[in-house]
Amino acid sequence: MTLLNPVQERPQRRRAVVVTPTYDEVENIADLIAAVLDEQPRAPSYEIHVLVADSHSKDGTLETVAQIAQRNPRVHLLDVQQRGIGVGLFKGFCYAIDHLDADVLIEMDADFQHNPADIPHFLAKIDEGYDVVVGSRFVDGSVNRMPFYRKVLSVGANQFVRAMLGLQGVTEITTSYRAFTKETFLKVDPATVPWQEKSFIFVPVFLVRMLETGARATEIPMTMHPRMLGYSKMIYWRYIRDIVRFSVRSRLQEMVHRRSPSAVSMGSGAGNEYVQPRS
Ligand SMILES: Nc1nc2c(ncn2[C@@H]2O[C@H](COP(=O)(O)OP(=O)(O)O)[C@@H](O)[C@H]2O)c(=O)[nH]1
Ligand SMILES: [Mg+2]
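Residues numbered from 1 in each chain as written. Chains lettered and ligands numbered in written order. Predicted model: local features only at pLDDT ≥ 70, side-chain atom pairs only at ≥ 80, totals over all residues.

(A) Quick look at the overall build of the protein chain. Counting secondary structure elements, the protein chain contains 8 helices and 11 strands. Here the protein chain holds 279 residues, and 43% of them are scored as buried. (Helix = DSSP H or I, 4+ residues; strand = E, 2+ residues; numbered from the N terminus. Buried ≥ 20, exposed ≤ 12 C-beta atoms within 10 Å, placed from the backbone.)

Here's what the structure looks like:
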């Protein structure tokens, strides 16, 4: 038997889960979810889902997301119970892989400091074959509208970690706007990532660990806005202390193991590509 009009099989779309950690984000979260899902037409090769990983907020974030999730099968809620951005992100990534069938994970803040309109750019780079795509405030084309003191903190923290670890190519380690493949996440040993720490130290360390897996990585310019609604949960002294501790420890371990810390810079182009050697 011959089929006159064989049905053209459309290749199944890959699933991208935007994991956004929340604590007290009731002013932002409904609009943020809508803005993320609005990007779907600009990323046609992906099915975009949102997972809100909440640390049992008291301000109504949980209830708001639960209501949206009931109506929209692309929206998911995980109550991680404990405080900490690392707990939210790490448990969120595991949940997205184990329960939501994620192929690609996007790590993004819930307070509109990261522009959802950048999501299709991250996914386009994953489609080009990158394992990790980092949103950076320090490459050509980026827009950083943060106040002066936050710029000083981010420049200082990024320069310090890069210098101590000998990271080349990567310019942005401290902001949490990235995309990466499920396979890359699964290569990272959870025991090497401080996901239970209360400070934001998870964010830089997690990126360093992904690069150490030998991931093919690139950076794209991103737009960073100041927070308009709600309040910042960043505790500066704790974050600075943990960054210094992590960097000094890594440097000492490096010296003890006499490993070469240098990374290989892999050229330029629209992105800023780099590969970190496996440790
Ligand atoms: N799940 C979870 N998310 C958190 C926690 N603290 C902060 N976040 C989220 O992490 C993101 C960045 O936090 P934010 O307070 O905006 O830090 P800042 O941008 O450095 O001032 C936001 O989406 C927060 O809601 C926490 O304890 N648990
Ligand atoms: Mg913020």
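(B) Quick look at the site of ligand 1. Taken together, 21 residues lie around ligand 1, and Pro 21, Ser 55, Gly 88, Ser 232 and Lys 233 are the ones closest in. Where the shell around ligand 1 is concerned, the elements lending two or more residues are strand E1 (14–22), strand E2 (46–54) and helix H3 (85–100). Per-class residue counts for the shell around ligand 1 are 7 nonpolar, 7 polar and 7 charged. (Near = placed C-beta within 6 Å. Nonpolar A, V, L, I, M, F, W, Y, C, P; charged D, E, K, R; others polar.)

(C) Structural context of helix H4 (residues 119–127). Within the sequence span of H4, burial applies to Ile 119, His 121, Phe 122, Leu 123, Lys 125 and Ile 126. Count one or two residues on from H4 and you reach Gly 129, which has phi positive near 110°.

(D) Highlighting the pairing of strand E8 (residues 216–221). With 5 of 6 residues buried, E8 is to be regarded as a mostly interior element. One ladder, built from 5 bridges, connects strand E5 (residues 132–136) with E8; its direction is parallel. Bridge pairing in E8 places Val 132 opposite Ala 217. (Pairing = 2+ DSSP bridges.)

(E) Highlighting the environment of Met 234. Relative to the assigned elements, Met 234 resides in the loop between strand E9 (223–224) and helix H8 (236–257). Accessibility expressed as a C-beta count within 10 Å gives 12 for Met 234, which makes it exposed. In sequence terms Met 234 and Ile 85 are 149 residues apart; their C-alpha atoms lie 9.7 Å from each other. Once you skip the residues sitting within four places of it in the chain, Met 234 turns out to touch Phe 200 and Tyr 239. (Contact = placed C-beta atoms within 7 Å.)

(F) Region of the structure containing the confidence of the model for the protein chain. On average, the protein chain scores 90 in pLDDT, and the residues at 70 or more come to 88%. Counting contacts from residues 274–279, a segment whose pLDDT is below 50, to residues more than four positions away or on other chains yields 24 contacts. (pLDDT = per-residue confidence, 0-100.)

(G) Layout of unusual backbone geometry. Despite not being glycine, Asp 24 shows a phi value in the positive range, around 55°. Secondary-structure assignment places Asp 24 in the loop between E1 and helix H1 (29–37). Given 18 C-beta atoms within 10 Å, Asp 24 falls into the partly exposed group.

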